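A structural walkthrough
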Amino acid sequence: MTTTDLNGPDLAALAALTRDYAAFQARKSGLATALGGLMAVVFVIAALSPNFMGAHVLDRLFIEYLVWVPFLWLAVKGLGSRILYRRLGLVKASPDGTYERRRWFWILGLALFLITVLLAGLYAFASGFLQAHQPRAALCPPPMWILLMPFLYLLPMPWAIRGIEEARAYVVLVGQSILWLLPFFIFSFGPPTPPLKTGWGIFGDVMGVSILVLIYVVLIWGALAMVRGWREHREYLAMLRALPREA
Amino acid sequence: MVKNETTPKAILELDRMVHEPARLAILTVLASAEEVAFLFLQRVTGLSKGNLSSHTQKLEAAGYLETVKAFQGRIPVTSFRITEDGRTALRAYHHQLRALLPKEGKP
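Residues numbered from 1 in each chain as written. Chains lettered and ligands numbered in written order. Predicted model: local features only at pLDDT ≥ 70, side-chain atom pairs only at ≥ 80, totals over all residues. Heavy atoms only, no water.

**Regarding the packing of helix H3 (residues 21–31) of chain B against helix H4 (residues 38–45) of chain B**
All names here are of chain B. Where H3 meets H4, the axes come as close as 10 Å, and the angle between the chain directions of the two elements is 125°. Classed by the angle they form, the pair H3 and H4 counts as oblique. For the element pair H3 and H4, the recorded crossing hand is right-handed. Only Phe 40, Leu 41, Val 44 and Thr 45 of H4 make contact with H3, whose side of the interface consists of Ala 25, Ile 26, Val 29 and Leu 30. The class makeup of the residues in the contact of H3 with H4 is seven nonpolar, one polar and no charged. (Axes fitted to C-alpha atoms, helices over the stretch in contact; angles between N-to-C directions. Helix = DSSP H or I, 4+ residues; strand = E, 2+ residues; numbered from the N terminus. Parallel < 35°, antiparallel > 145°, perpendicular 65-115°, else oblique. Left-handed = near helix turned anticlockwise from the far one by under 90°. Contact = heavy atoms within 4.5 Å. Nonpolar A, V, L, I, M, F, W, Y, C, P; charged D, E, K, R; others polar.)

Dropping the structure here:
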């Protein structure tokens, strides 16, 4: 195509196309959101499957693999976005202060939650409420892993989470990992007098209902994320088709 | 008939660096993002490689854009950024053109 062939370019359309393409590299996640939703749903179903808590794979507890799901998602997402959404090279989106604030709201929210979990764990040990139970610990993942996981989830957040949808997916996956790690944490380091003996009373009921509600929330979010992610991906493909043919 | 006597002069005062369709398209794309890869710019404007290079060189010489050269592994990657002067020129061009065009419904 030559200069003279470029008659009356639709400038508004050009600008919109550029912003849309840049959005896929800066904010939109497309298939990463769909994958996050799928992983969250599979995670819940796997966690609720019979004998899951005691299920062994290659002599290790299944949960030991599941807690790495958020990192697996981050890795696949990073690779996928490079292969799928950078077909025409990198286009950096113009800074958007409002969007950045919303993104940081999610990141800092999750960071706050993870730091609280870490501090609560440390305080429980310092106060003597929790202590390692060697016989029971043998049944569970190595205690150091359980203690390190919240910290490991924190590390990649600032640079690995680009958009709000991604932040939500990461929050759900990490939240689930922490949720399923908690029973192991309690059994590994349970209080000297296990509360199970006397029962947890109303606290146990509230926790049970909360977990049930959380499971439904995750399942609904997962289903919606799959639909939303797939739709975004189709939008991206349609955008590529709308580009002028190569010269 | 042209009602405004200053209009012919205003037409001549249009920034020709921006007025050329290919360069107008390039600047519009660059103004919509922070940094744009050569490949994307080529595809979105539909220009040939040579033509795009020629126009970006002219725009760079005018101070309207800057070229960013980097490496992705061993592959050299060229990107462009619009400068503040480029943004101002594009905005001024839009204002000038809008002022020159007849209002809607008034031929």
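**Some details on the interface of chain A and chain B**
Taken together, the contact between chain A and chain B spans 28 residues of the former and 27 residues of the latter. Between chain A and chain B lies a buried interface of about 2,400 Å² when both sides are counted; carbon and sulfur atoms form 61% of it. In this assembly, chain A and chain B are joined by one salt bridge. Taking the shortest distance from any N to any O, the salt bridge between B:Glu35 and A:Lys92 comes out at 3.5 Å. For the pair chain A and chain B, the interface holds four residue pairs in polar contact (both at pLDDT 80 or more). Counting residues per element, the side of chain A that touches chain B draws most heavily on helix H1 (residues 11–26) of chain A, which supplies seven residues. (Buried area = accessible area lost by both parts, 1.4 Å probe. Salt bridge = Lys/Arg side-chain N within 4 Å of Asp/Glu carboxyl O. Polar contact = N/O pair within 3.5 Å; in protein donor to acceptor, adjacent residues only side chain to side chain.)

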